[in-house]
Amino acid sequence: MHRGHKRPRRADAPDAGTSGGRKGGGGRDSFAIREAGDGGAAAAAAAAAAATAAMTAAAAARRVLRFEGSADFRARLVQAQLANIGILIAGIRSDDLQPGLRPHEASFLRLMDRLTNGATIEINETGTVVKYLPGVIMGGEVEHACPVSSGVDAVGGASGEPARGLGWYIEGILPLLPFAKRATTLQLTGITDTDADMSVDYLRLVALPTLAFFGVGDGLSLKIHRRGAPPLGGGSVTLTAPSVRALTPINLTDEGLVRKVRGVAYGTKVSPQMAN
């Protein structure tokens, strides 16, 4: 009698019970966040709990690192990509009145999806658990529209969270670009200047020249096409970054003397004399 046997499971097959997300390919429109169905709050909570448990079990089986909370969201994703180690972030604002990912965090995931190929992004239905398995950093020409709303409504008469500026995205994604397969030309649209994030002028005049000391200066630039102020945004910038094999070690122990102090003033929908 022939004894039956189970067919071996492919290593890249999706885990049963995990919620939607993207599986490889690096496609532009394949990334999606599934919304909870209309089966009621209890059914949605039970489904979210089951999906979270399944994603956690899959993460343990694949030996990915596990983190709690929304702190250092960009740094965790970027360092996981550079180290080629999968991560699972749970408990993202799970106790808040509006739990889960904020629009700027989901947008940052989409930006990483556009810059990489073969990465796996999985998000549970409530947005409180994110699983990221790194792919290959491809670079190339990428366009990305950043949200101009924080997605957090005002509660108790207080104002909602401010929207993040383009500097928040550039600061987070910049460590990946030198290690891409080819040079990167990234065009971003949204809010160029906010009180909460680095302005595009600071990145252009301070951050990028500092990065040039590491051997990434040739071809590294940030061009501001137009300004975009909150709440409507409308700004546009282009970040160009070369691809390098390795970074150059530096020694900046001699800070030198301060020769001049300069600043940048700008205005939108006002006379240029106001900025002067």
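Anything mentioned here points back to the structure above.
Conventions adopted
Residues numbered from 1 in each chain as written. Predicted model: local features only at pLDDT ≥ 70, side-chain atom pairs only at ≥ 80, totals over all residues. Heavy atoms only, no water. Helix = DSSP H or I, 4+ residues; strand = E, 2+ residues; numbered from the N terminus. Buried < 20%, exposed > 50% of the residue type's maximum accessible area, 1.4 Å probe, protein only. Contact = heavy atoms within 4.5 Å. Areas by Shrake-Rupley, 256 points an atom, 1.4 Å probe, with all protein chains shown as cover. Arc of directions from axis to C-beta. Axes fitted to C-alpha atoms, helices over the stretch in contact; angles between N-to-C directions. Parallel < 35°, antiparallel > 145°, perpendicular 65-115°, else oblique. Left-handed = near helix turned anticlockwise from the far one by under 90°. Patch = residues over 30% accessible without salt bridge, like charges linked within 9 Å, V, L, I, M, F, W, Y side chains within 5 Å. Salt bridge = Lys/Arg side-chain N within 4 Å of Asp/Glu carboxyl O. Pairing = 2+ DSSP bridges.

**Side note on the overall build of the protein chain**
Turning to step 1, where the next piece is worked out: Along its length, the protein chain carries 6 helices and 11 strands.
Turning to step 2, where the next piece is worked out: Relative to its 276 residues, the protein chain shows a buried fraction of 41%.
Turning to step 3, where the next piece is worked out: Summarising the internal contacts of the protein chain: among those between residues at least 6 apart in sequence, 67% fall at separations of at least 24.
Turning to step 4, where the next piece is worked out: Total accessible area on the protein chain is roughly 15900 Å²; 53% of this is exposed by carbon and sulfur atoms.

**Thoughts on the environment of T184**
Turning to step 1, where the next piece is worked out: The residue T184 is located in strand β9 (residues 184-190) in this model.
Turning to step 2, where the next piece is worked out: The exposure class of T184 is buried, given its relative accessible area of 0%.
Turning to step 3, where the next piece is worked out: In contact with T184, not counting residues within four places along its chain, are L115, G139, G140, L177, L239, T240 and A241.

**A look at helix α5 (residues 200-211)**
Turning to step 1, where the next piece is worked out: When we look at burial in α5, the residues that qualify are V200, D201, L203, L208 and L211. Looking straight down α5, one finds that the buried residues subtend no more than 165 degrees of arc, so they occupy a single side.
Turning to step 2, where the next piece is worked out: Lining the buried residues of α5 we find α4 (166-173), β10 (221-226) and β11 (235-241).

**Observations concerning the packing of helix α2 (residues 73-83) against helix α3 (residues 103-115)**
Turning to step 1, where the next piece is worked out: Taken N-terminus to C-terminus, the directions of α2 and α3 make an angle of 20 degrees; their axes are 11 Å apart at the nearest point. For the element pair α2 / α3, the angle class is roughly parallel. The two elements α2 and α3 meet at a crossing, and its hand is right-handed. The residues of α3 that touch α2, namely those facing F73, R74, L77, V78 and Q81, are E105, F108, L109 and M112.

**Concerning a nonpolar patch on the surface**
Turning to step 1, where the next piece is worked out: A cluster of nonpolar side chains, contributed by Y202, L205, V206 and V264, occupies part of the molecular surface with about 330 Å² of accessible area.
Turning to step 2, where the next piece is worked out: Inspection of the secondary structure assignment puts V264 in the loop between β11 and α6 (272-275).
Turning to step 3, where the next piece is worked out: Here V264 falls in the partly exposed class, since its relative accessible area comes to 44%.

**Points about the sheet that holds β10**
Turning to step 1, where the next piece is worked out: Strand order in this open sheet of 4 strands is β8-β9-β11-β10, and the pairing throughout is mixed. With partners counted over all chains shown, the strands left at the sheet margins are β8 (140-145) and β10, one partner each. Strand-to-strand twist in this sheet, taken as the mean axis angle between neighbours without regard to direction, amounts to 15 degrees.
Turning to step 2, where the next piece is worked out: In this sheet, β11 lies alongside β9 in antiparallel orientation, the contact comprising 7 bridges. Along β11, the bridge assignment pairs Q187 with T238.
Turning to step 3, where the next piece is worked out: Contacts from α4 reach β9, β10 and β11 within the one sheet, and its direction differs from that of β9 by about 155 degrees.
Turning to step 4, where the next piece is worked out: The strands touched by α5 are β10 and β11; relative to β10, the strand with the most contacts, the crossing angle is about 160 degrees.

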